[in-house]
Amino acid sequence: MQARLKKTVVLVGMMGAGKTAVGKALATMLHAPFLDSDAEIEKAANMTIPEIFARDGEPFFRVKERQVISRLIEREKGVLSTGGGAYMAEENREIISKKGVAVWLNADLDVLWQRVRHKDTRPLLRGPDPFGTLKRIYEERVPVYALADLSVKSEQGLSIDDMALRVIDALKTRPDVLEVLE
């Protein structure tokens, strides 16, 4: 399939939903650049996100996140993976919907837990009750993620490439975003 992106595809969703992995596969399939807002923030700050949180706090991080998302979405049409909390900010949702399209990788709580429970790279899950924390964050965020322009269901056992193909199928419903060149 030959296609051309007319707007940046912004992947939103919970930690463990596959935003980075699916985003890379999607970008490859669409012959588009892959961008990662968290990686760009870390590069600009020369620090990891947990280090930024510890040194400067979450409000500072969220300001930098908004600046980076604005810059990346303006730069070139591509696939942008965002941090799990990015879409929670109304300003980010406005930027994304004006300049791109938000695609929610919608994974159930059990699927997310299977994917993140053995990883120590999730600072929010380092407390005494990681499942309880994940459940609380999930319940807070799902109603906001549901505001995304498109929703694509992520299921246990579905390959990264199959998930990327599901995203492409959803994008095909938006000719303002994806132009299919047959």
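Small disclaimer: the values here were computed from a predicted structure and weren't measured. (Residues numbered from 1 in each chain as written. Predicted model: local features only at pLDDT ≥ 70, side-chain atom pairs only at ≥ 80, totals over all residues. Heavy atoms only, no water.)

Student: Just checking my understanding: could you explain the overall build of the chain for this structure?
Tutor: Each helix and strand counted, the chain has 7 helices and 7 strands in total. The linear arrangement of helices and strands in the chain, starting from the amino end, is β-β-α-β-α-α-β-α-β-α-α-β-α-β. Radius of gyration (C-alpha) of the chain: 16 Å, near the 16 Å computed for a compact globule of 182 residues. When its C-alpha atoms are laid out on the principal axes, the chain stretches across 55 × 35 × 25 Å. Of all 182 residues assigned to the chain, the portion counted as buried reaches 46%. Nonlocal contacts in the chain, meaning residues at least 24 apart in sequence, comprise 75% of its contacts between residues at least 6 apart. Accessible surface for the chain amounts to roughly 9200 Å². Of this, 51% is attributable to carbon and sulfur atoms. (Helix = DSSP H or I, 4+ residues; strand = E, 2+ residues; numbered from the N terminus. Rg over C-alpha atoms; globule rule 2.2 N^0.38 Å. Buried < 20%, exposed > 50% of the residue type's maximum accessible area, 1.4 Å probe, protein only. Contact = heavy atoms within 4.5 Å. Areas by Shrake-Rupley, 256 points an atom, 1.4 Å probe, with all protein chains shown as cover.)

Student: I tried to follow helix α3 (residues 49-75) on my own but got confused; where do I start?
Tutor: Residues separated by three or four positions in an α-helix point in the same direction, a consequence of the helix having 3.6 residues per turn. For α3, with 27 residues, the first-to-last C-alpha span of 23 Å runs short of the 39 Å given by 1.5 Å per residue. Of all the bends in α3, the largest measures some 115° and sits at Asp56, one to four residues before the proline Pro59. Tucked into the core, α3 has its buried residues touching β2 (8-12), β3 (34-36), α2 (37-45), β4 (79-81), α4 (90-99) and β5 (100-107). (Expected span 1.5 Å × (residues − 1). Bend = angle between axes of the 7 residues up to and from the residue.)

Student: Which parts of the structure should I look at to understand the pattern of salt bridges?
Tutor: Opposite charge on two side chains permits them to pair, given that their charged atoms come into close proximity. Applying the stated criterion to the full structure yields 16 salt bridges. As a salt-bridge pair, Glu40 and Lys43 come within 3.6 Å of each other at their nearest N and O atoms. In this pair, Glu40 and Lys43 both sit in helix α2, 3 residues apart, roughly one turn of the helix. Note on Glu40: relative accessible area 14%, which makes it buried. For Arg55, the salt bridge is made with Asp56, and the minimal N-O distance between the two is 2.9 Å. By relative accessible area, Arg55 is classed as exposed at 57%. (Salt bridge = Lys/Arg side-chain N within 4 Å of Asp/Glu carboxyl O.)

Student: Sorry if this is basic, but what is going on with the nonpolar core here?
Tutor: The nonpolar side chains of a soluble globular protein tend to be buried, and buried together. Of all hydrophobic cores here, the largest spans 58 residues; its most connected members are Val9, Leu30, Val103, Leu105 and Leu171. Excluding its chain neighbours within four sequence positions, the residues that come into contact with Val9 are Leu26, Gly78, Val79, Leu80, Val101, Val103, Leu171 and Val177. (Core = buried A, V, L, I, M, F, W, Y, C linked by side-chain atoms within 4.5 Å.)

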